[in-house]
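Spelled out, the chains give:
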Amino acid sequence: MTINNRVEKARILIEALPYMRRFEGKTFVIKYGGNAMVDEALKTAFAQNIILLRQVGINPVVVHGGGPQIGKIMEQMGLKPLFIDGLRVTDQETVNVVEMVLAGKVNKDIVNLINLNGGQAAGMSGKDGRTIIAKKRKHTRNSPDMKTPEIIDLGWVGDVERINTQLLGLFKQTDIIPVIAPVGVGENGETYNINADSVAGHIAMALNAEKLILLTDVLGVKHKNGRLISKISSEEVGELISNGTIAGGMIPKVQTCINARASGVNSAHIIDGRIEHALLLEVFTDQGIGTYFL
């Protein structure tokens, strides 16, 4: 390694220093999903990034997805996944698989990865400590030939009703990093499958988090020409949804970020989890790499 390479590394550390000072003691809620959960190098980099955040005094809270893993296990069990408007129809048999895969296999794999890389992590689902209280999602579909919207029963698919922060508050008093599966519990103990982005947003709001960060498989919010939008306001989001620039699965992600900002979360970000060390590049550099919600 040349002396110039060493000097460049020192400059990077100096650039990160004011951010480390600013965010010490703050809470970051990070949604972990997409290719970052599949590629081995990215998985290790993510674990290292989370550990470094904790090491410099930041309190990371990880919420993870696991759709592809659920689909794979269902296929192995001879169960056929069914989706309506991009939402997984979750009957009783399916919700059992969802809970087994998310709160069991996927959650413990992430915990193990962080622990193997030198951190301390503990896994939980929203049922632990009744942290995520959920209610059944009411899904409707409209079309020009319908006089009234069609009500579609998605089964045990839920929305967050409220977050109980008591258990998460205990983690904050330690060096243990909570890793949360997006499985909620109803008022009568029923199990609900909930969108992980939505869970991350609600937890960020409940914890008065400094940052909400969603890891995705795209650069961030983009113009129609494909150019990354580095900073965006809620007004601009509305315009881009109206003209079709923001569409499909990106809509609930940006809405989660806008809602979090409106509810007191100091900043929200959508970043590309396919980039190695994406978290550190977004948090500790002047330019960042994704879309920042104003």
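Residues numbered from 1 in each chain as written. Predicted model: local features only at pLDDT ≥ 70, side-chain atom pairs only at ≥ 80, totals over all residues. Heavy atoms only, no water.

**Observations regarding the nonpolar core**
By size, the foremost hydrophobic cluster in this structure holds 43 residues, and its most contacted members are Ile-30, Ile-50, Ile-114, Leu-215 and Phe-284. For this core, the elements supplying multiple residues, two or more each, are α1 (3–23), β1 (27–32), α2 (40–55), α3 (67–76), α4 (92–116), β10 (177–181), β13 (211–216) and α9 (278–284). No other element matches α4, which puts 10 residues into this core. Excluding residues that lie within four positions of it along the chain, Ile-50 makes contacts with Ile-30, Pro-60, Val-62, Ile-114, Ile-177 and Leu-279. Ranked by size, the runner-up nonpolar core spans 37 residues in total, among them Val-63, Met-124, Phe-171 and Ile-180. (Core = buried A, V, L, I, M, F, W, Y, C linked by side-chain atoms within 4.5 Å. Buried < 20%, exposed > 50% of the residue type's maximum accessible area, 1.4 Å probe, protein only. Helix = DSSP H or I, 4+ residues; strand = E, 2+ residues; numbered from the N terminus. Contact = heavy atoms within 4.5 Å.)

**Here we look at the packing of helix α7 (residues 234–242) against helix α8 (residues 250–262)**
A pair of packed helices is captured by two measures, namely the crossing angle of their axes and the spacing between those axes. Contact geometry of α7 with α8 gives a least axis separation of 11 Å together with a crossing angle of 160°. Put simply, α7 runs roughly antiparallel to α8. In this structure, α7 meets α8 at a crossing whose hand is left-handed. Of the residues in α8, those touching α7 at Ser-234, Val-237 and Ile-241 are Ile-251, Val-254, Gln-255 and Ile-258. Tallied by class, residues from the contact of α7 with α8 come to five nonpolar, two polar and no charged. (Axes fitted to C-alpha atoms, helices over the stretch in contact; angles between N-to-C directions. Parallel < 35°, antiparallel > 145°, perpendicular 65-115°, else oblique. Left-handed = near helix turned anticlockwise from the far one by under 90°. Nonpolar A, V, L, I, M, F, W, Y, C, P; charged D, E, K, R; others polar.)

**What to know about the layout of surface pockets**
The space that makes up the largest pocket amounts to roughly 1200 Å³. Considering the residues around the largest pocket, the lining is formed by 43 residues, among which Gly-86, Leu-87, Asn-195, Ala-196 and Asp-197 are closest to the centre. A breakdown of the residues in the lining of the largest pocket according to their chemical character gives 15 nonpolar, 20 polar and eight charged. (1 Å grid on protein atoms, 1.4 Å probe; cavity = no way out; pocket = protein on both sides within 12 Å on 5 of 7 lines; lining within 4 Å. Points joined across faces, edges and corners; volume = space filled by probe spheres on them.)

**Notes on the pairing of β10**
For β10, the tally of buried residues reaches five of five residues, placing the bulk of the element in the interior. Alternating residues of β10 divide into Ile-177, Val-179 and Ala-181 and Pro-178 and Ile-180, and every residue in both groups is buried. Pairing of strand β2 (residues 59–64) with β10, which is carried by two bridges, proceeds in the parallel orientation. Paired with Val-63 across the bridge in β10 is Ile-180. Direction of pairing for strand β5 (residues 121–125) relative to β10: parallel, over a ladder of five bridges. Within β10, the position partnered with Ala-122 by the bridge is Pro-178. (Pairing = 2+ DSSP bridges.)

**Considering unusual backbone geometry**
Within the chain, Arg-130 stands out as a residue other than glycine whose phi angle is a positive 45°. Looking at where Arg-130 falls in the secondary structure, it is placed in the loop between β5 and β6 (132–136). Its identity is not glycine, yet Asn-208 carries a phi of approximately 50°, on the positive side. Mapped onto the elements of the fold, Asn-208 is located in the loop between α6 (196–206) and β13. Exposure remark for Asn-208: the relative accessible area of 60% places this residue in the exposed category.

**Side note on the sheet that holds strand β16 (residues 291–293)**
Reading across from one edge, β5-β10-β2-β1-β13-β15-β16-β14 is the order of the eight strands in this open sheet, with mixed pairing throughout. Bordering the open sheet on either side are β5 and β14 (231–232), each of which pairs with just one other strand. Relative to strand β15 (residues 267–272), β13 runs parallel, the two being bridged by six bridges. Each residue of the ladder has a partner; that of Leu-214, found in β15, is Ile-270. Of the strands in this sheet, β1, β13, β15 and β16 are in contact with α8, which crosses β15 at around 155°.

**Some thoughts on the packing of aromatic side chains**
Using the criterion set out here, one finds four aromatic pairs in the structure. The interplanar angle of 75° and the centroid separation of 5.3 Å between the aromatic rings of Phe-23 and Phe-28 together place this pair among those described as edge-to-face. As far as burial versus exposure is concerned, Phe-23 and Phe-28 are alike and both buried. One aromatic cluster is present, formed by Tyr-19, Phe-23 and Phe-28 through successive ring pairs. Directly above the ring of Trp-156 sits Lys-136, whose terminal nitrogen or CZ lies 6.0 Å from the centroid. (Phe/Tyr/Trp six-rings, centres within 6.5 Å; stacked < 30°, edge-to-face > 60°. Lys NZ or Arg CZ within 6 Å of the ring centre and 35° of its normal.)

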